[in-house]
Amino acid sequence: MLNNMLIASLVILSLAMLGCLYRLIKGPSMNDRIMALDTIGIILLSMIAVLSMLFRTEAYFDIILLIGILTFIGSTALARFIERGDVIERSNDE
């Protein structure tokens, strides 16, 4: 019973990812594309967590943490790029 629910949740998450992929490709603005990319990262993280429960293993926890950190850094870098026009500040001391 639990395995069926986990498989159903994987199917639902896959459909959500397809919707985000559509928004990523077709999105009318850059903000829509950024939000879709961030949501894809979160959905991917969720799918790996469900797979970890389905396979009854803790081997995927490191991957979950890595995807979470990369998603956060990517969202922060994109927000900074939108705000300032560059990601890394350069000093003009030279």
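Note that the structure is a prediction, hence the values are computed from the model and not measured. (Residues numbered from 1 in each chain as written. Predicted model: local features only at pLDDT ≥ 70, side-chain atom pairs only at ≥ 80, totals over all residues. Heavy atoms only, no water.)

**As for the overall build of the protein**
Here is the rule: By definition, any uninterrupted DSSP run of H or I lasting at least four residues is a helix, any uninterrupted run of E lasting at least two residues is a strand, and each is numbered from the N terminus. Note on method: radius of gyration uses C-alpha positions; expected globular size equals 2.2 Å times residues raised to 0.38. Each residue is assigned to one of three classes by its accessible area relative to the maximum for its type, calculated with a 1.4 Å probe on protein chains only: buried under 20%, partly exposed between the two thresholds, exposed over 50%.
From N to C terminus, the protein includes 3 helices and 0 strands. Radius of gyration (C-alpha) of the protein: 17 Å, far over the 12 Å computed for a compact globule of 94 residues. Taken along the three principal axes of its C-alpha coordinates, the protein extends 65 × 30 × 10 Å. Every one of the 94 residues in the protein was classed for burial, and the buried ones make up 20%.

**Describing helix α1 (residues 2–26)**
Filter applied, for reference: An expected span of 1.5 Å times one less than the residue number is assigned to each helix. By definition, residues are in contact when any of their heavy atoms lie within 4.5 Å.
Between its first and last C-alpha, α1 extends 36 Å over 25 residues, near the 36 Å set by a 1.5 Å rise per residue. Within α1 the residues assigned to the buried category are Leu-6, Leu-10, Leu-13, Met-17 and Cys-20. On the buried face of α1, the contacting elements are α2 (30–55).

**Here's the deal with the nonpolar core**
Definition in use: Nonpolar cores are built from buried Ala, Val, Leu, Ile, Met, Phe, Trp, Tyr and Cys residues. Side-chain atoms within 4.5 Å join them into one set.
Membership of the largest hydrophobic core is limited to 10 residues, which are Leu-6, Leu-10, Leu-13, Met-17, Cys-20, Ile-40, Ile-43, Met-47, Val-50 and Leu-54. With residues up to four places along the chain from it excluded, the contact list for Leu-54 reads Asn-3, Leu-6, Ile-7 and Leu-10.

**Considerations on the packing of α2 against helix α3 (residues 61–84)**
Each packed pair of helices is defined by two parameters, the angle between the axes and the distance between the axes. The test is simple: A fitted line through C-alpha atoms serves as each axis, taken over the contacting stretch for helices, and the angle formed by two N-to-C directions is quoted from 0 to 180°. The labels follow the angle: roughly parallel below 35 degrees, roughly antiparallel above 145, roughly perpendicular from 65 to 115, and oblique for the rest. Residue type decides the class: Asp, Glu, Lys and Arg count as charged, Ala, Val, Leu, Ile, Met, Phe, Trp, Tyr, Cys and Pro as nonpolar, and the leftover types, Gly among them, as polar.
Between α2 and α3, whose axes approach to 9 Å, the crossing angle comes to 175°. By the angle class used here, α2 and α3 are roughly antiparallel. Facing Asn-31, Ile-34, Asp-38, Gly-41, Leu-44, Leu-45, Ile-48, Ala-49 and Ser-52 of α2, the residues of α3 in contact are Phe-61, Ile-63, Ile-64, Ile-67, Gly-68, Thr-71, Ser-75, Leu-78 and Ile-82. Here the contact of α2 with α3 is built from residues that sort into 11 nonpolar, 6 polar and 1 charged.

**Looking at the packing of α1 against α2**
The test is simple: The handedness criterion is simple: a crossing whose near helix is rotated anticlockwise from the far helix by less than a right angle is left-handed, and one whose near helix is rotated clockwise is right-handed.
Contact geometry for α1 and α2: axes closest at 9 Å, N-to-C directions at 165°. In this view, α1 runs roughly antiparallel relative to α2, as classed from their interaxial angle. Crossing geometry of α1 relative to α2 is assigned as left-handed. Residue composition of the contact of α1 with α2, grouped by class: 20 nonpolar, 5 polar and 4 charged.

**Some words on the confidence of the model for the protein**
The following threshold applies: Along the chain, pLDDT gives the predictor's confidence residue by residue, from 0 to 100.
Averaged over all residues, the pLDDT of the protein equals 89, while 96% of them reach at least 70. For the protein, per-element mean pLDDT is lowest for α3, which scores 87, and highest for α1, which scores 95.

**What about the side chain of Thr-71?**
The cut-off we apply is this: Pairs of N or O atoms are called polar contacts if they sit within 3.5 Å, as long as, within protein, a hydrogen donor faces a hydrogen acceptor (for residues adjacent in sequence, only side-chain-to-side-chain pairs).
When you line up the elements, Thr-71 lands in helix α3. Since its relative accessible area comes to 18%, Thr-71 is described here as buried. Looking at Thr-71, its side chain comes within polar contact range of the main-chain oxygen of Ile-67, at 2.7 Å. Setting aside residues up to four positions removed in sequence, Thr-71 forms contacts with Asp-38 and Gly-41.

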